[in-house]
Amino acid sequence: MNKIIYLFAIIATMVMIASCEKEDFQDNNIEEQFSTSVPGSWEVKAYLNDSIIYDTFNIFTSGISRDSIVINDTIVNFWNFQVKASVDAKSNTFQTKLSTNELVNDFAIGVKIPVGKIIDSDSIYMEMQFEDDITPFGNTYQIKGHRVK
């Protein structure tokens with residue numbers, strides 16, 4: 001009887017280990033897919049209340065770690081910004097409740113990205129708010145576009 005109990009315990013342990021490894025692999029695979037879809041150049045347009053306010057310009061994204069990215073408009077087409085945002089690899093989203101613009105040296109300017117997502121690795125959408133706007137954080141700009149191939 002004891003041999004049957006031991007055999008059952010060994011089998012149950014092996015099944016638990018196998019299932020844990022599968023979940024870990026799936027989580028890593030999701031993170032890898034997001035990290036390979038993040039870096040790149042994007043051709044986007046800026047909107048305010050669904051009205052276009054800035055025609056086609058480029059932004060750049062790069063992954064800096066497993067859980068954050070950098071987004072920038074270093075050519076200063078729309079707004080002079082470079083900010084970090086946290087990443088949720090499972091949902092292909094990114095956001096920052098308040099990040100400091102890394103390109104403005106005179107004083108720290110806050111930037112918020114309440115919503116950001118990469119769609120099917122070839123489209124980007126984000127909502128941005130800037131502290132140095134006429135009304136600080138008063139406008140929510142929609143930035144949307146596609147990957148430059």
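Refer to the preceding data block for the structure.
Because the structure is predicted, anything quoted here is derived from the model rather than measured. (Residues numbered from 1 in each chain as written. Predicted model: local features only at pLDDT ≥ 70, side-chain atom pairs only at ≥ 80, totals over all residues. Heavy atoms only, no water.)

Just to check I follow, could you spell out the overall build of the chain for this structure?
When its secondary structure is counted, the chain shows one helix and eight strands. Within the chain, the fraction of its 149 residues that count as buried is 32%. Put simply, 36% of the contacts in the chain that link residues at least 6 apart link residues at least 24 apart. As presented, the chain carries roughly 9,300 Å² of accessible surface, and 55% of it is formed by carbon and sulfur atoms. (Helix = DSSP H or I, 4+ residues; strand = E, 2+ residues; numbered from the N terminus. Buried < 20%, exposed > 50% of the residue type's maximum accessible area, 1.4 Å probe, protein only. Contact = heavy atoms within 4.5 Å. Areas by Shrake-Rupley, 256 points an atom, 1.4 Å probe, with all protein chains shown as cover.)

So what exactly am I meant to see when it comes to the environment of Lys144 here?
Relative to the elements of secondary structure, Lys144 occurs in strand 8 (residues 141–147). Each C-alpha atom of the pair Lys144 and Thr56 lies 9.8 Å from the other, and the pair is 88 residues apart in sequence. When sequence neighbours within four positions are dropped, the list of residues in contact with Lys144 reads Glu43, Val44, Lys45, Tyr47, Ile124 and Tyr125.

Hey, could you run me through the nonpolar core in this one?
Note that soluble globular proteins tend to have their nonpolar side chains buried in a common cluster. Residues Ile59, Ile71, Phe78, Phe94 and Ile143 are the most contacted members of the largest nonpolar core, which totals 24 residues. Of all the secondary structure elements, the ones that give two or more residues to this core are strand 1 (40–48), strand 2 (51–65), strand 3 (68–72), strand 4 (82–88), strand 6 (110–119), strand 7 (123–130) and strand 8. At four residues, strand 7 tops the list of elements feeding residues into this core. (Core = buried A, V, L, I, M, F, W, Y, C linked by side-chain atoms within 4.5 Å.)

Help me understand the side chain of Arg147, please; the structure alone is not making it clear to me.
In this fold, Arg147 is placed in strand 8. Asp122 provides the closest opposite charge to the buried, unpaired Arg147, separated from it by 7.1 Å. Here the side chain of Arg147 touches Ser121 through a polar contact of 2.9 Å, landing on its backbone oxygen. (Lys, Arg positive; Asp, Glu negative; His and termini not counted. Salt bridge = Lys/Arg side-chain N within 4 Å of Asp/Glu carboxyl O. Polar contact = N/O pair within 3.5 Å; in protein donor to acceptor, adjacent residues only side chain to side chain.)

Got a minute to help me understand the sheet that holds strand 2 in this structure?
Consider a sheet: its strands pair through backbone hydrogen bonds, and that pairing is either parallel or antiparallel. Pairing is antiparallel around the closed barrel formed by eight strands, whose spatial order is 1-2-3-4-5-6-7-8. With direction set aside, neighbouring strand axes in the sheet form an average angle of 30 degrees. Bridge analysis of strand 1 against strand 2 gives eight bridges, and the strand direction is antiparallel. Its bridge partner lying in strand 2, Glu43 is registered against Asn58. (Pairing = 2+ DSSP bridges. Axes fitted to C-alpha atoms, helices over the stretch in contact; angles between N-to-C directions.)

In this structure, what is going on with the packing of aromatic side chains? I would like to understand it.
This structure, assessed with the given rule, holds 10 aromatic pairs. Ring centres of Tyr54 and Phe78 lie 6.2 Å apart, and the angle between their planes is 70 degrees; this geometry places the pair in the edge-to-face category. Linking Tyr54 in strand 2 with Phe78 in the loop between strand 3 and strand 4, this pair joins segments that are 24 residues apart in sequence. Their ring planes at 5 degrees and their centres at 4.0 Å tell us that Trp79 and Phe130 sit as a pair that is stacked. On the criterion of sequence distance, the pair formed by Trp79 in the loop between strand 3 and strand 4 and Phe130 in strand 7 is long-range, its members being 51 residues apart. No difference in accessibility class separates Trp79 from Phe130, as the two residues are buried. A connected cluster of aromatic rings, assembled from ring pairs, spans Tyr54, Phe57, Phe78, Trp79, Phe81, Phe130 and Tyr141. Sitting above the plane of the Phe137 ring, Lys112 keeps its charged end 4.3 Å from the centroid. In this arrangement the basic side chain of Lys144 is found over the ring face of Tyr47, its NZ or CZ atom lying 4.7 Å from the centre. (Phe/Tyr/Trp six-rings, centres within 6.5 Å; stacked < 30°, edge-to-face > 60°. Lys NZ or Arg CZ within 6 Å of the ring centre and 35° of its normal.)

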